[in-house]
Amino acid sequence: MRSWSVLITDGLEESGQAILRAACEVEDRKGISAEELAQVIGKYDAIIVRSRTKVTAEVLAQATQLKVIGRAGVGVDNIDLAAASARQITVVNAPQSTTIAVAEHTIAMMIALARNLTQADSSMKNGQWLKSQLMGSELYGKTFGLIGVGNIGTQVALRAAAFGMTVLGYDPYLNDEQIRQRGAEPVTLNDLFAKSDYISVHVPLSPETRNMLDGQAFSAMKRGVRIICTARGGVIDETALLQAIESAQVAGAALDVFAVEPPGLTALVAHPRVIATPHIAAQTAEAQARAAVDIAEEILAALAGKPLRWKVV
Ligand code: NAD
């Protein structure tokens, strides 16, 4: 009997690859182009991606023997779920593997915003000593607004509370009790906008959440609010955010994700009151090892027709 063949397109930590190799032929084609992917996908039973590879309907049209798509992480907005489902291709992810890494990055960005850490460091590297110009503010006593109180939102809430912040949460898919159990005080989106000193977004990208933070949303916020986004580019209207920063309605923003990645040196990225990181929130050794093992085990279970822990479609 021939063994299963698995294609990895965005890299996979070695511990996950080892699990796959025990039962499958594994090809690691990190960085493969969209054109090449469409040409070769027909040979594989399974494909494992992260966020770079776009598994489109056009790619899936060539995937004649594909049985399962694995996302080594959480967000599946780069996979055409309807097209996969129509072809009876299972999609699985590793939704809990990167939760802590993203929560910690969110907090790192909040502290960096509050204490001007990136400006302080770059000024020192320019031989400057800008002590009085770099007045910071404390997190203690401030209000933190969470949009999306899922796995990551819950871990962020716990950490924000540890700084003595009041944590508000908006999530229309959870009831008030569930939001309270996850460490946030349930509020409407308008209340969250009106009361929060920091707003952090933890929702999936969907037609409903696309441009959720637009010009109207920024105008409804408290003047001087700081925005953090480690969720997905596209959830924030970047043009509206830049305008809100320039008018000082928004005091600063920390962004790990962008509508187009990499964004290049846009006016938003270059702005002194913006902290930008290249989609690294989940990029810790621990999270990547966890994601690799989780997705490898889930792929093998799917190929063997066993029960799945994290079936998306
Ligand atoms: P999750 O599914 O556990 O939580 C998402 C929450 O958002 C859910 O509770 C859901 O009810 C809520 N939600 C959906 N639509 C909403 C809306 N319109 N308004 C408010 N809340 C809404 O997912 P998670 O593990 O917490 O991850 C959240 C997102 O973070 C992922 O979808 C992914 O896009 C992103 N992410 C980014 C990175 C990174 O590297 N930067 C890594 C992992 C995850």
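Residues numbered from 1 in each chain as written. Predicted model: local features only at pLDDT ≥ 70, side-chain atom pairs only at ≥ 80, totals over all residues. Heavy atoms only, no water.

Colleague: How should I be thinking about the domain arrangement of the chain in this particular structure?
Modeller: The extent of an interface is frequently quoted as the accessible surface area lost upon association of the parts. Under the domain assignment used here, the chain contains domain 1 (4-97 + 285-303) and domain 2 (99-276). Listed by partner, the interface residues are 8 residues for domain 1 and 5 residues for domain 2. Overall, the association of domain 1 and domain 2 removes approximately 520 Å² of surface from exposure, summing both partners, and the carbon and sulfur fraction of that is 41%. Viewed at the interface, domain 2 and domain 1 are joined by 1 salt bridge. Residue Arg-232 pairs with Asp-77 through a salt bridge whose shortest N-O separation is 2.9 Å. Counting across the domain 1 and domain 2 interface gives 2 residue pairs in polar contact (both at pLDDT 80 or more). (Domains from an automatic or database assignment. Contact = heavy atoms within 4.5 Å. Buried area = accessible area lost by both parts, 1.4 Å probe. Salt bridge = Lys/Arg side-chain N within 4 Å of Asp/Glu carboxyl O. Polar contact = N/O pair within 3.5 Å; in protein donor to acceptor, adjacent residues only side chain to side chain.)

Colleague: Even after reading the chapter, I still don't get the environment of Asp-176, so can you show me in this structure?
Modeller: Examined against the element boundaries, Asp-176 turns out to sit in helix 8 (residues 176-181). With 95 residues separating them in the primary sequence, Asp-176 and Leu-81 have C-alpha atoms 30 Å apart. (Helix = DSSP H or I, 4+ residues; strand = E, 2+ residues; numbered from the N terminus.)

Colleague: So what exactly am I meant to see when it comes to the sheet that holds strand 9 (residues 198-201) here?
Modeller: Strands pair in a sheet through their backbones, by hydrogen bonds, and they do so in one of two ways: parallel or antiparallel. Strand order across the open sheet formed by 7 strands is 8-7-6-9-10-11-12, with parallel pairing between neighbours. Where the open sheet ends on each side, the last strands, each with one partner, are strand 8 (185-186) and strand 12 (274-276). Two elements, strand 11 (residues 250-255) and strand 12, share 3 bridges in a ladder whose sense is parallel. From the neighbouring strand, Ala-254 faces strand 12, where its bridge partner is Ile-275. Docked against the sheet, helix 7 (residues 151-162) engages strand 6 (143-147) and strand 7 (166-170), running at close to 175 degrees with respect to strand 6. Of the strands in this sheet, strand 10 (225-229), strand 11 and strand 12 are in contact with helix 11 (residues 238-246), which crosses strand 11 at around 140 degrees. (Pairing = 2+ DSSP bridges. Axes fitted to C-alpha atoms, helices over the stretch in contact; angles between N-to-C directions.)

Colleague: Can you help me understand the sheet that holds strand 2 (residues 24-28) in this one?
Modeller: Strand order in this open sheet of 5 strands is 2-1-3-4-5, and the pairing throughout is parallel. Looking at the sheet topology across the chains shown, the edges are occupied by strand 2 and strand 5 (90-93). Going from strand to strand, the sheet's axes swing by 20 degrees on average, the running direction of each strand aside. As paired elements, strand 1 (residues 4-8) and strand 2 share 5 bridges and run parallel to each other. The residue of strand 2 that forms the bridge with Ser-5 is Glu-25.

Colleague: Which parts of the structure should I look at to understand the packing of helix 1 (residues 14-21) against helix 13 (residues 285-303)?
Modeller: Look at helix 1 against helix 13: their axes get within 7 Å of each other, and the N-to-C directions meet at 20 degrees. Relative to helix 13, the element helix 1 lies roughly parallel. Here helix 1 runs over helix 13; the crossing is right-handed. Counting all contacts with helix 1, which are made through Ser-15, Gly-16, Ile-19 and Leu-20, the residues of helix 13 involved are Ala-289, Ala-292, Val-293, Ala-296, Glu-297, Ile-299 and Leu-300. A breakdown of the residues in the contact of helix 1 with helix 13 according to their chemical character gives 8 nonpolar, 2 polar and 1 charged. (Parallel < 35°, antiparallel > 145°, perpendicular 65-115°, else oblique. Left-handed = near helix turned anticlockwise from the far one by under 90°. Nonpolar A, V, L, I, M, F, W, Y, C, P; charged D, E, K, R; others polar.)

Colleague: Before we go on, may I ask you to explain the pairing of strand 9 in this structure?
Modeller: As a general feature of sheets, a regular strand has side chains that alternate between the two faces. The alternating pattern of strand 9 places Tyr-198 and Ser-200 on one face and Ile-199 and Val-201 on the opposite face, and all of these are buried. Judged from the 4 bridges that link them, strand 6 and strand 9 form a sheet pairing that is parallel. Bridge pairing in strand 9 places Gly-145 opposite Ile-199. Sheet topology places strand 9 next to strand 10; 4 bridges connect them, and they run parallel. Note on strand 10: the bridge partner recorded for Val-201 is Cys-229. After leaving strand 9, the chain enters helix 10 (residues 215-220) and then returns to the sheet as strand 10, a path that is right-handed. (Buried < 20%, exposed > 50% of the residue type's maximum accessible area, 1.4 Å probe, protein only. Right-handed = clockwise from strand over helix to strand, strands pointing away.)

Colleague: Is there a simple way to think about the site of the ligand in this case?
Modeller: Within the structure, the ligand sits among 26 residues, and Asn-151, Ile-152, Asp-171, Thr-230 and Asp-256 are positioned closest to it. The backbone of Asn-151 places a nitrogen or oxygen atom 2.8 Å from an oxygen atom of the ligand. Taking Glu-208, its side chain carries an N or O atom lying 3.0 Å from a nitrogen atom of the ligand. Burial of the ligand by the protein amounts to 88% of the accessible area it has alone, namely 860 Å². (Near = heavy atom within 4 Å. Areas by Shrake-Rupley, 256 points an atom, 1.4 Å probe, with all protein chains shown as cover.)

Colleague: What's the story with unusual backbone geometry in this structure? I'm lost.
Modeller: Cis geometry marks the peptide bond from Glu-261 to Pro-262; its omega dihedral reads -5 degrees. Topologically, Pro-262 is positioned in the loop between strand 11 and helix 12 (267-270). The phi dihedral of His-279 is positive, around 50 degrees, even though this residue is not glycine. In this structure, His-279 sits in the loop between strand 12 and helix 13.

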